[in-house]
Amino acid sequence: MKTTLTAKLKLHTTPEQFQALRTTQLVYRDALNYVSRYAFEHGKMSNKVGLQEGTYQEIRARYRLPAQMACSVPRQVGATYKALWTKVKQNAVLRKAGKTKKRYKGLDKAPKYVSPTLTYQLGHDYSFKKEQQVSILTLEGRVIVPYTGYDQHVTLLQHGASIGAAKLWYDKPHKQFYLLVSLEVETPGPTQEMHTRVAGVDVGIRYLAVSSTTKGECTFYSGKSIVPQANHYARLRKRLQKKGTHSATRRLVAIAGRERRLKQDANHVVSKRIVQQHPHALIGLENLTDIRERTKRKHGKKATKKQRKANARHSKWAFAELHAMIAYKAALHGSMAVKVDAHYTSQACPMCGYTSPENRPRKGLLFVCQSCHYTLHADLVGARNITMRTLLIRQDWMSTGRLSVGPDVSSEEAKAVRLERYAELRWSLDTSPRASAGSD
């Protein structure tokens, strides 16, 4: 089983090397925008072969990019258009089903590339040398630059890891270049003998994560010291955007970097603690794909001021990033993350199975079952429901030999069958299949 990591290498450039890399980066971005306009004018084309045939000669002549870079440009633009077409089709399905009225506008005009991120192919555009040096291709030829990085990543680069493509990223506020290298590390595949434990993780705002095990152990990861600071950056960004001056724009760039690093660091810390606390376990995570479209929430003019604030608050934290960090760190530590349905995890009583929005008065942190009057922290209820659903996945794995890493979202019938099975689950510290599943 292979796990993909990204090694962030700091490049120590001379002034001449810095200028060569920066010029190459900006020219590459101009080429991306040219191909993007070409794709838009030719039916919003996403086929990378067609884009390369139509633009390769022009890229070479106008932008003087080397051959491999000239091939990477249409490939990257094609991937962008393909992703946008996927979102358009998903939006059409949701609109037809009445789950949203908002039309996706990502293809109303040609996508514009703003960030000057440059893609390099190993062996063609860059290669590693001895004594922690890397050879990088520019418009003026190759430059050999020393680098530093996280010790474990540098060790993997030198011994054992499979190296893939890289991206040249420029940190504008600090005027510093970084090379983001994709690494593939061989990790043990999932086995029933190895993954003997089960845990569930519920994510949120007031508590970034709450984990629970089948033995009743639970851990809360509070966002009290972090989320208010992120909200402060959001309010400040709103004021600066309204101001619109050049100095406000410069300030926005600095704030964006701080906010991103704040969230990334918090997610790293939480994910590391979760994985370390649950070794050799199946860790259940909620499938949050299209969660905003799947949940009935008011938007726009129909929403009250309180509802709009709630929507903004739930859109701020990078839950997908947190899930991704848990997934790859779990694989490196002998565990494995799987996705389970997010439906009704915070509304279903783990003791009697009664499901209702009224079980969470005012959508607060207190869960009170309206049927059996079971009372518990609402986020812990969500984590326990996720734990039981993950345990069900493990039981199916043991009986069929196939491990499901994500719920089947291809049909409503499959979803209905899963929800029916979930309704029969009952929380118990006895982790036997009969006591935990309740249906056998």
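The structure presented is a predicted model; accordingly, all values stated were derived computationally and were not measured.

Peer 1: Can you help me understand the pattern of salt bridges in this one?
Peer 2: Pairs may arise between side chains of opposite charge once their charged atoms sit close together. Within this structure, the stated rule accounts for 8 salt bridges. Among the salt bridges present, the one from R237 reaches E259, with a minimum N-O distance of 2.5 Å. One end of the pair, R237, is in helix α5 (residues 227-243); the other, E259, is in helix α6 (residues 246-277), and 22 residues separate them in sequence. By sharing partners, the salt bridges in this structure join R237, E259 and K263 into a single network.

Peer 1: I'm lost on the nonpolar core in this one. Help?
Peer 2: Nonpolar side chains in soluble globular proteins tend to end up buried together. Counting 47 residues, the largest nonpolar core has L11, L65, Y120, L179 and V181 as its most contacted members. It is helix α1 (residues 15-41) that provides the largest number of residues to this core, a total of 9 residues. For V181, the contacting residues outside a window of four places in its chain are L5, T6, A7, L9, Y126, F128, L157, I163, A165 and A166. The next biggest cluster of nonpolar side chains, apart from the first, holds 29 residues, and it includes I226, A248, W317 and A330.

Peer 1: Can you walk me through the packing of aromatic side chains in this structure?
Peer 2: The geometry of an aromatic ring pair is captured by the separation of the ring centres together with the interplanar angle, meaning the angle of the planes. Tallied over the entire structure, the rule returns 9 aromatic pairs. Relative to Y126, the ring of Y120 lies with its centre 6.5 Å away and its plane at 45°, an arrangement referred to as tilted. Accessibility classification places Y120 together with Y126 in one group, the buried group. Ring centres 5.3 Å apart and planes at 65° place the aromatic pair Y207 and F220 in the edge-to-face group. Here the residue Y207 occupies a position in strand β9 (residues 207-213), and F220 occupies one in strand β10 (residues 218-222), the gap between them amounting to 13 residues. An aromatic cluster is built from Y120, Y126, F128 and Y147, whose rings are joined through pairwise contacts. When the ring centre of Y178 is taken as reference, the NZ or CZ atom of K8 above it lies at 4.6 Å.

Peer 1: I'm lost on the sheet that holds strand β12 (residues 336-340) in this one. Help?
Peer 2: Within a sheet, neighbouring strands are paired by backbone hydrogen bonds and run either parallel or antiparallel to one another. The mixed open sheet is built from 5 strands, whose spatial order is β10-β9-β8-β11-β12. A single partner strand is all that each edge strand has here, and the edge strands are β10 and β12. Taken pair by pair, the neighbouring strands of this sheet meet at an average axis angle of 20°, ignoring direction. With 5 bridges joining them, strand β11 (residues 281-286) and β12 adopt parallel strand pairing. In the strand pairing of β12, I283 is matched with A337. Seen against the sheet, helix α10 (residues 378-400) touches β8 (197-203), β9, β10, β11 and β12 and runs at an angle of roughly 140° to β8.

Peer 1: What am I meant to see in the state of the cysteines here?
Peer 2: As used here, a disulfide is simply a covalent bond connecting the sulfur atoms of two cysteines. Applying the stated criterion across every chain, the model contains 0 disulfides. Left without a disulfide partner, C369 is nearest to the cysteine sulfur of C352, which lies 3.5 Å away. Relative accessible area serves as the criterion here: at 0%, C369 is assigned to the buried category.

Peer 1: Explain empty space enclosed by the protein here, please?
Peer 2: Once rolled over the atoms, a probe with the size of a water molecule shows which space is left empty. Scanning the entire structure with this criterion turns up 3 cavities of 30 Å³ or more. Lining the largest cavity, in full, are M1, T187, P188, G189, P190, M194, H195, A331, G334, S335 and M336. Partitioning the lining of the largest cavity into residue classes produces 6 nonpolar, 5 polar and no charged.

Peer 1: Please clarify how a positive patch on the surface should be interpreted in this entry.
Peer 2: Together, K8, R251, R258, R260 and R261 make up a region of like positive charge exposed at the surface. The element that contributes the greatest number of residues to the positive patch is α6, accounting for 4 residues. You can see R261 is positioned in helix α6. Judged by its relative accessible area of 40%, R261 falls in the partly exposed class.

Peer 1: Would you take a moment to explain the packing of α1 against helix α2 (residues 48-63) for this structure?
Peer 2: Geometrically, a packed helix pair is captured by the angle between its two axes and the distance between the axes. Interhelical geometry of α1 versus α2 gives an angle of 145° and a closest axis separation of 10 Å. The interaxial crossing formed by α1 with α2 has right-handed handedness. Across the interface between the two elements, V27, D30, A31, Y34, V35, Y38 and A39 of α1 pack against L51, G54, T55, E58, I59, R62 and Y63 of α2. A class-by-class count of the residues in the contact of α1 with α2 yields 9 nonpolar, 2 polar and 3 charged.

What counts and what doesn't
- All residue numbers refer to positions counted from 1 along the written sequence of the respective chain.
- In view of the model being predicted, local features appear only for residues whose pLDDT reaches at least 70, and side-chain atom pairs are presented and counted only at 80 or more, with totals across whole chains, interfaces and linings using the full set of residues.
- Heavy atoms throughout the structure, all of them, feed into the side-chain values; hydrogens and water do not.
- Any carboxyl oxygen of Asp or Glu within 4 Å of a side-chain nitrogen of Lys or Arg constitutes a salt bridge here.
- Numbered from the N terminus, helices here are DSSP runs of H or I no shorter than four residues, and strands are runs of E no shorter than two.
- Grouping buried Ala, Val, Leu, Ile, Met, Phe, Trp, Tyr and Cys residues that are joined through side-chain atoms within 4.5 Å yields what is termed a nonpolar core.
- Throughout, exposure labels follow a simple rule: accessible area from a 1.4 Å probe, protein chains only, divided by the maximum for the residue type, with under 20% read as buried, over 50% as exposed, and the rest as partly exposed.
- In what follows, residue pairs with any heavy atoms lying within 4.5 Å of each other are defined as contacts.
- Paired rings are identified among Phe, Tyr and Trp, the last through its six-membered ring, by centres lying within 6.5 Å, and are further divided according to the angle between planes into stacked (under 30 degrees), edge-to-face (over 60) and tilted (the rest).
- Whether a charge sits over a ring comes down to the Lys NZ or Arg CZ being within 6 Å of the ring centre and within 35 degrees of the ring normal.
- Here the rule is simple: two strands pair whenever DSSP picks up at least two bridges between them.
- Axis definition: a line fitted to C-alpha atoms, over the contacting stretch in the case of helices. Angles run 0 to 180 degrees between N-to-C directions.
- Throughout, disulfides are identified as pairs of cysteine sulfur atoms within 2.5 Å of each other.
- We place a 1 Å grid over just the protein atoms. Points where a 1.4 Å probe fits but has no way out form a cavity, open points with protein on both sides within 12 Å along at least 5 of 7 lines form a pocket, and any residue with an atom within 4 Å of a point lines it.
- Grid points are joined across faces, edges and corners, and a volume is the space filled by probe spheres set on the points.
- Charged residues are taken to be Asp, Glu, Lys and Arg, nonpolar residues to be Ala, Val, Leu, Ile, Met, Phe, Trp, Tyr, Cys and Pro, and polar residues to be all remaining types, Gly included.
- For patches, a residue must show more than 30% relative accessible area and have no salt bridge; joins then use 9 Å for like charges and 5 Å for nonpolar side chains, namely Val, Leu, Ile, Met, Phe, Trp and Tyr.
- Computed with a 1.4 Å probe, the accessible areas rest on the Shrake-Rupley method; for each residue, only the protein chains presented here act as cover.
- His is not counted here, nor are the chain ends, while Lys and Arg score as positive and Asp and Glu score as negative.
- By convention, the charge on Lys lies at NZ, on Arg at CZ, on Asp at CG and on Glu at CD.
- Crossings are classed by handedness, with left-handed meaning an anticlockwise turn of the near helix from the far one by less than a right angle and right-handed meaning a clockwise turn.

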